[in-house]
Amino acid sequence: MVARVGRLIEAGPVERPARIAIVGAQGSGKTTLARAAAVRFRAAQISIDDVYLTRDERETMAREVHPLFLTRGPPGTHDLGMLSALMDRLSEAGAGDETPLPDFDKRGDDRVPADRWHRFAGRPSAILIDAWCLGAVAEDEAALTAPINALERDRDPDAAWRRAVNGFVGGPYADFTADLDAVLFLRAPGFDVVLDWRCQQEADLLGVAPADLPAAERTRLADFIQYFERVTRRMLAGGVRADVTASLDRNRVPRLLPE
């Protein structure tokens, strides 16, 4: 897969670094792939997780739009303007320039102060963005009416939150994706694997075997992935615009599909 990213970089524009999104469900391996490709091709790797809106900004959204926007992750909770400006700065960087790359403290649920961001030296060969929802296609209004999980049923009974998320998908996120040079989609075999994949990630962070992950953590993650479920299912069902699709099995082994 790293070699396939390399071919996308080579096919990009010559006047600036290629802008490539690696997308897929939580735990599908997009960040791992982006980091490996960044090292091999001296590209800048940016996770959309690192440009979440600040806690204060999400608290404002929770008051003014819907309480569920306090939780980071769904479309609408990222600073796409910041990400666009960052890509422009990297594209214009000279050999002696250093570009600060944002960082987000997930435990503290807020952006890390700018003076602690790491820096990318020089001009990258490409800009690789790992972002679970870029390329998603908005749903029809009628499809939003019925809830698909307990979160939507109990905390979004009038569908106001999912309509707002859908508006972000079809608006700012679609516009941002349209300006990219390529999208590589890592397609999970189904949403049923996402909880196991996400639990494996959490176990790795805690330094324990997946089987030893505390039950309370699995319950917390089962609730958390409901925020991502509707858009993820939409993408898995074909509601995604991608230039390259790699179909994954349950062990994340990829098979490239015809382009």
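Residues numbered from 1 in each chain as written. Predicted model: local features only at pLDDT ≥ 70, side-chain atom pairs only at ≥ 80, totals over all residues. Heavy atoms only, no water.

**Here we look at unusual backbone geometry**
Step number 1: The backbone of aspartate 109 sits at a positive phi, close to 60 degrees, despite the residue not being glycine.
Step number 2: The topology assignment puts aspartate 109 in the loop between strand E4 (104–105) and strand E5 (110–111). (Helix = DSSP H or I, 4+ residues; strand = E, 2+ residues; numbered from the N terminus.)

**Description of the pairing of strand E9 (residues 244–248)**
Step number 1: Within E9, 5 of the 5 residues are buried, which leaves the element mostly enclosed by the surrounding structure.
Step number 2: The alternating pattern of E9 places Val244, Ala246 and Leu248 on one face and Thr245 and Ser247 on the opposite face, and all of these are buried.
Step number 3: The pairing of strand E8 (residues 182–187) with E9 spans 4 bridges and is parallel. Within E9, the position partnered with phenylalanine 185 by the bridge is threonine 245.
Step number 4: Relative to strand E10 (residues 254–256), E9 runs antiparallel, the two being bridged by 3 bridges. (Buried < 20%, exposed > 50% of the residue type's maximum accessible area, 1.4 Å probe, protein only. Pairing = 2+ DSSP bridges.)

**Comments concerning the side chain of glutamate 202**
Step number 1: Mapped onto the elements, glutamate 202 comes out in helix H7 (residues 194–206).
Step number 2: Glutamate 202 gets classed as buried once you look at its relative accessible area, which sits at 3%.
Step number 3: In terms of polar contacts, glutamate 202 uses its side chain to reach the side chain of arginine 107, at 3.4 Å.
Step number 4: If we skip the residues at most four places from it in the chain, glutamate 202 touches Arg107, Leu213, Glu217, Arg220 and Leu221. (Polar contact = N/O pair within 3.5 Å; in protein donor to acceptor, adjacent residues only side chain to side chain. Contact = heavy atoms within 4.5 Å.)

**A look at the packing of helix H8 (residues 215–224) against helix H9 (residues 226–236)**
Step number 1: Running from N to C, H8 and H9 point in directions that differ by 45 degrees, and their axes come no closer than 5 Å. Accordingly, the angle class assigned to the pair H8 and H9 is oblique. When H8 is examined against H9, the residues Ala222, Asp223 and Phe224 are found in contact with a partner set consisting of Gln226, Tyr227 and Phe228.
Step number 2: Across the contact of H8 with H9, the residue classes break down as 4 nonpolar, 1 polar and 1 charged. (Axes fitted to C-alpha atoms, helices over the stretch in contact; angles between N-to-C directions. Parallel < 35°, antiparallel > 145°, perpendicular 65-115°, else oblique. Nonpolar A, V, L, I, M, F, W, Y, C, P; charged D, E, K, R; others polar.)

**What about a nonpolar patch on the surface?**
Step number 1: On the surface, Leu205, Leu206 and Val208 cluster together into a nonpolar patch covering about 260 Å² of accessible area.
Step number 2: Judged by relative accessible area, which is 64%, leucine 205 ranks as exposed. (Patch = residues over 30% accessible without salt bridge, like charges linked within 9 Å, V, L, I, M, F, W, Y side chains within 5 Å. Areas by Shrake-Rupley, 256 points an atom, 1.4 Å probe, with all protein chains shown as cover. Salt bridge = Lys/Arg side-chain N within 4 Å of Asp/Glu carboxyl O.)

**Focus: the sheet that holds E8**
Step number 1: The strand order across the open sheet formed by 6 strands is E2-E7-E1-E8-E9-E10, and the pairing between neighbours is mixed. The sheet is open, and its two borders are formed by strand E2 (44–47) and E10, each paired with just one other strand. Averaged over neighbouring strand pairs, the angle between their axes works out to 20 degrees when direction is ignored.
Step number 2: Relative to the sheet, helix H4 (residues 80–92) contacts strand E1 (18–24), E2 and strand E7 (126–130), its axis offset from that of E7 by approximately 155 degrees.

**Considerations on H9**
Step number 1: Most of H9 sits out of view: 9 of its 11 residues are buried.
Step number 2: Every buried residue belonging to H9 is among Gln226, Tyr227, Phe228, Glu229, Arg230, Val231, Thr232, Met235 and Leu236, and all of these are buried.
Step number 3: Those residues of H9 that are buried are in contact with E1, helix H5 (150–155), helix H6 (160–178), E8 and H8.
Step number 4: Among the residues trailing H9, glycine 238 stands out with phi positive, at a value near 110 degrees.

**Focus on the packing of H7 against H8**
Step number 1: Across the interface, H7 lies against H8 with an axial gap of 10 Å and an inter-helix angle of 130 degrees. As summarised for this structure, H7 and H8 are arranged oblique, according to the angle between their axes. Note on packing geometry: the crossing formed by H7 with H8 is right-handed. Mapping the contact onto sequence places Leu195, Asp196, Arg198, Cys199, Glu202 and Leu206 in H7 and Glu217, Arg218, Arg220, Leu221 and Ala222 in H8.
Step number 2: For the contact of H7 with H8, the per-class residue count stands at 5 nonpolar, no polar and 6 charged. (Left-handed = near helix turned anticlockwise from the far one by under 90°.)

**What about H4?**
Step number 1: Taking 1.5 Å of rise per residue, 13 residues should cover 18 Å, and H4 covers 18 Å from first to last C-alpha, within 8% of that figure.
Step number 2: When we look at burial in H4, the residues that qualify are Leu80, Met82, Leu83, Leu86, Met87, Leu90 and Ser91.
Step number 3: Its side-chain oxygen 3.4 Å from the backbone nitrogen of glycine 81, aspartate 79 forms the N-cap of H4. (Expected span 1.5 Å × (residues − 1).)

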